[in-house]
Amino acid sequence: MRIAAVIFDLDGVIVSTDEFHYLGWKRMADEEGIPFDRSMNERLRGVSRMESLEIILEKAGRPYTDDEKKELAGRKNNYYRQLLENLSPANILPGVMGLLDGLRQEGVRIAVGSSSRNTPVIIEKIGLFHVFDAIADGNGIVNSKPDPEVFLLAAQKLGVEPARCLVVEDAEAGVIAARAAGMRVVAVGSAANSPQADFSADDLSEVTVSDLADYFIWEPIKG
Ligand code: BG6
Ligand code: MG
């Protein structure tokens, strides 16, 4: 299939905010006395804020009410937003700018597909707002990854058929979501070597447009 658009996950693919999510949850979990570590954090990649909280609460010593859950998720988000305050273009992950430039030169459309409701503030802070043709994020969807909704929304906003989209993901939930959307997948970081990925790399500094051209055929949509 000919690829006309690439949809990038945000946290852990474009920018190193995946670490800030971990630190925000860790601070909240420590305050509550709930065991939480980096290996448990892997299950939260790509998953919405409230679903992430439910995963953390599996280890809680008592049930939490809905109001308490809202407070815990809000507290984590405040800690996370504090960490985002110093975010700048320096936090863009290695290889991202080169890949975006290369795709632009091929005439391929580019989008963000993220479960995060903080997507607009992050894209603004890293100075990439003008770069993407479309942004689909947690504010515009009901079901987060592994549901395909956010990627289907990105494809719709781009005006490109799902089968002609390629997704770049660092989360297993995101790889599954992309597949469920009928898209091809490049898996990086934690998702590298996922059995459902078409191409894997440790990070995007190892991935150029010409590397990908060995696996995918670029064919821009006209007009
Ligand atoms: C995803 C992250 O991009 O966004 C998840 O991988 C996070 O870890 C999710 O839980 C929701 O983010 P936010 O910013 O809406 O709390
Ligand atoms: Mg991610």
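This report concerns the structure included in the present document. (Residues numbered from 1 in each chain as written. Chains lettered and ligands numbered in written order. Predicted model: local features only at pLDDT ≥ 70, side-chain atom pairs only at ≥ 80, totals over all residues. Heavy atoms only, no water.)

### With respect to helix α7 (residues 149–158)
Because an α-helix completes one turn every 3.6 residues, residues spaced three or four positions apart along the sequence face the same direction. Regarding α7, the residues found buried are V150, F151, L153, A154, A155 and L158. Of the surrounding secondary structure, the elements contacted by the buried residues of α7 are β2 (5–8), β3 (109–113), β4 (134–136), β5 (165–169) and α8 (172–180). (Buried < 20%, exposed > 50% of the residue type's maximum accessible area, 1.4 Å probe, protein only. Helix = DSSP H or I, 4+ residues; strand = E, 2+ residues; numbered from the N terminus. Contact = heavy atoms within 4.5 Å.)

### A few points about the sheet that holds β4
Across the sheet, which stays open at both edges, the six strands sit in the order β4-β3-β2-β5-β6-β7 with parallel pairing between neighbours. The two strands at the open ends of the sheet, each matched to only one other strand, are β4 and β7 (199–201). Taken over all neighbouring pairs, the strand axes of this sheet differ in orientation by 20° on average, direction set aside. Two strands pair when backbone bridges link them, and β2 and β5 are joined in this way by four bridges, in the parallel orientation. Bridge pairing links I7 to V167 in β5. Helix α5 (residues 96–106) rests against β2 and β3 of the sheet, and its axis sits at about 160° to β2. (Pairing = 2+ DSSP bridges. Axes fitted to C-alpha atoms, helices over the stretch in contact; angles between N-to-C directions.)

### Describing the site of ligand 1
Not every one of the 15 residues close to ligand 1 is listed here, only the nearest: D11, R49, S116, R117 and N118. For ligand 1, an oxygen atom lies 2.8 Å from a polar atom in the backbone of G46. In this structure, S52 approaches ligand 1 through a side-chain N or O atom, which is 3.3 Å from an oxygen atom. Contact with the protein chains removes 96% of the 390 Å² of surface that ligand 1 exposes when unbound. Given that more than half its atoms are within 2 Å of the pocket grid, ligand 1 belongs to the largest pocket. (Near = heavy atom within 4 Å. Polar contact = N/O pair within 3.5 Å; in protein donor to acceptor, adjacent residues only side chain to side chain. Areas by Shrake-Rupley, 256 points an atom, 1.4 Å probe, with all protein chains shown as cover. 1 Å grid on protein atoms, 1.4 Å probe; cavity = no way out; pocket = protein on both sides within 12 Å on 5 of 7 lines; lining within 4 Å. Sits in = over half its atoms within 2 Å of the grid points.)

### As for the layout of surface pockets
Computed from the structure, the largest pocket encloses a volume of approximately 530 Å³. Taken together, 28 residues form the lining of the largest pocket, with V47, S48, R49, S115 and S116 sitting closest to its centre. At the level of elements, α1 (17–32) and α3 (49–57) are the ones that each hand at least two residues to the lining of the largest pocket. In terms of residue count, α3 provides more of the lining of the largest pocket than any other element does, four residues in total. Its residues placed into classes, the lining of the largest pocket shows six nonpolar, twelve polar and ten charged. When we break the lining of the largest pocket down by domain, the ones giving at least three residues each are domain 1 (2–16 + 90–218) and domain 2 (18–84). (Points joined across faces, edges and corners; volume = space filled by probe spheres on them. Nonpolar A, V, L, I, M, F, W, Y, C, P; charged D, E, K, R; others polar. Domains from an automatic or database assignment.)

### Structural notes on the environment of E58
Relative to the assigned elements, E58 resides in the loop between α3 and α4 (66–84). Look at E58 and you get exposed, because its relative accessible area is 54%. Between the alpha carbons of E58 and G46 there is a distance of 18 Å; along the sequence they are twelve residues apart.

By themselves, these figures tell us nothing about what the structure is for.
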